[in-house]
Amino acid sequence: MKPSERPIKTPWPASLALVGPGKVGRSLGAWFRATGGELRRLAGRRTPEVVAARFGAAATKLGRFASDDCDLLLIAVSDPALDAVVAALAERPQAPVVLHTAGNRGASALEPLRTFQPEIALGTLHPLKAFPEPLEDPAEGVGIFFALDGDRRAREAGRILAERWRATSGVIAGPDRILYHLAATLSAGGVVTLVAAACALARRLDLPQEVSRGYLELARGALEHAEDALPEFEQAITGPVARGDEAAFERQLDELARRAPELQPLVLELAAETRRRLGRQPP
């Protein structure tokens, strides 16, 4: 059995090296330390010395970064930066298990690391959570989902970390990652885009500013209702189309065409998807 496929004996890992102390990396590094691990080494583009000193870690430039004295290397950089970072890391010895946090990429993005370390275990640890800022309180990890991929040993490492942070995890294989990440974007950025469109319409009508905050509260309430309806989200869909009141919807469309026609394609697509989700026939 290859080392990358051998099961892990817990408790593990005890020491972590981190590349990318941004919002995600700094958060996961803090959770790792808060739950008993040692953050030993750190590299990044922006003020890594400051973050390293705060975490009690050694700051190293990426071109000289080696993590073979650590149990685990976590790469928490953006998807576009991942290939260049991996290429740089492949020049020096790294930890026996390496995970990256990119949602859009599978474990195969780390393959260059096998050039000099063929037995290294490679995998992913993508948190399905928005990080508008570093979230260093480990309570932020409770209940979230981590997408795993890669070698058995790497997947097991990800599962252990998720359990340590009282989160959940599951395997999202490489071929599924692109659409998995698209769905994540719809769930976060897509929702915000819709609320932004609603608020823009309110501004177009010169409605009180408080109306926009009301739309945001409405969105929060709808999502809470959807959570209660899991996994039958369709039960939480509301509005004239969901109720079958097509006459009211047509009146809305007529007024929208007169006052904000650029939003009409979006509203029509949402209505069509609502009907499809609820099994309603178009009028």
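Quick note: structure is the one above.
From a predicted model like this one, the values you see are computed outputs, not experimental measurements.

Engineer: Quick one: what's the story with the sheet that holds strand β7 (residues 145–150), residue by residue and with numbers?
Structural biologist: The strand order β3-β2-β1-β4-β5-β6-β7-β8 describes an open sheet built from eight strands, whose pairing is mixed. Of all strands in the sheet, those with a lone pairing partner are β3 (58–59) and β8 (168–171), marking the two edges. Across five bridges, strand β6 (residues 121–127) lies against β7 in antiparallel orientation. Its bridge partner being in β7, Gly-123 is matched across the sheet by Gly-150. Relative to strand β1 (residues 15–19), helix α1 (residues 23–34) is tilted by about 170 degrees, and along the sheet it contacts β1, β2 (38–43), β4 (72–75), β6 and β7.

Engineer: Requested: an account of the packing of aromatic side chains, with residues and values cited.
Structural biologist: Tallied over the entire structure, the rule returns three aromatic pairs. With centroids separated by 6.1 Å and ring planes inclined at 40 degrees, the aromatic side chains of Trp-31 and Phe-131 adopt a geometry described as tilted. Taken together, the residues span a long stretch of sequence, with Trp-31 in helix α1 and Phe-131 in the loop between β6 and β7 at a distance of 100 residues. In this structure Phe-131 comes out as buried when scored by relative accessible area, which is 11%. Ring centres of Trp-31 and Trp-165 lie 5.6 Å apart, and the angle between their planes is 75 degrees; on these two criteria the pair is classed as edge-to-face. Placement of Trp-31 in helix α1 and of Trp-165 in the loop between α4 (152–164) and β8 is noted, with a sequence separation of 134 residues between them.

Engineer: Go over the environment of Cys-70 with me, naming the residues and quoting the values.
Structural biologist: Within the secondary structure, Cys-70 sits in the loop between β3 and β4. Taking the C-alpha atoms as reference points, Cys-70 and Pro-96, separated by 26 residues in sequence, lie 8.0 Å from one another. Ignoring sequence-local partners within four residues, the contact set of Cys-70 consists of Ser-15, Leu-16, Ala-17, Arg-40, Arg-41, Ala-95 and Pro-96.

Engineer: Pulling in residues and values, what's your account of unusual backbone geometry?
Structural biologist: One non-glycine residue, Arg-166, lies in the positive phi region at around 55 degrees. The residue Asp-206 is not glycine, and still its phi comes out positive at about 60 degrees. Mapped onto the elements of the fold, Asp-206 is located in the loop between α5 (177–204) and α6 (209–229).

Reading guide: rules and limits
Residues numbered from 1 in each chain as written. Predicted model: local features only at pLDDT ≥ 70, side-chain atom pairs only at ≥ 80, totals over all residues. Heavy atoms only, no water. Pairing = 2+ DSSP bridges. Helix = DSSP H or I, 4+ residues; strand = E, 2+ residues; numbered from the N terminus. Contact = heavy atoms within 4.5 Å. Axes fitted to C-alpha atoms, helices over the stretch in contact; angles between N-to-C directions. Phe/Tyr/Trp six-rings, centres within 6.5 Å; stacked < 30°, edge-to-face > 60°. Buried < 20%, exposed > 50% of the residue type's maximum accessible area, 1.4 Å probe, protein only.

Honestly, it's all geometry; don't read function into it.
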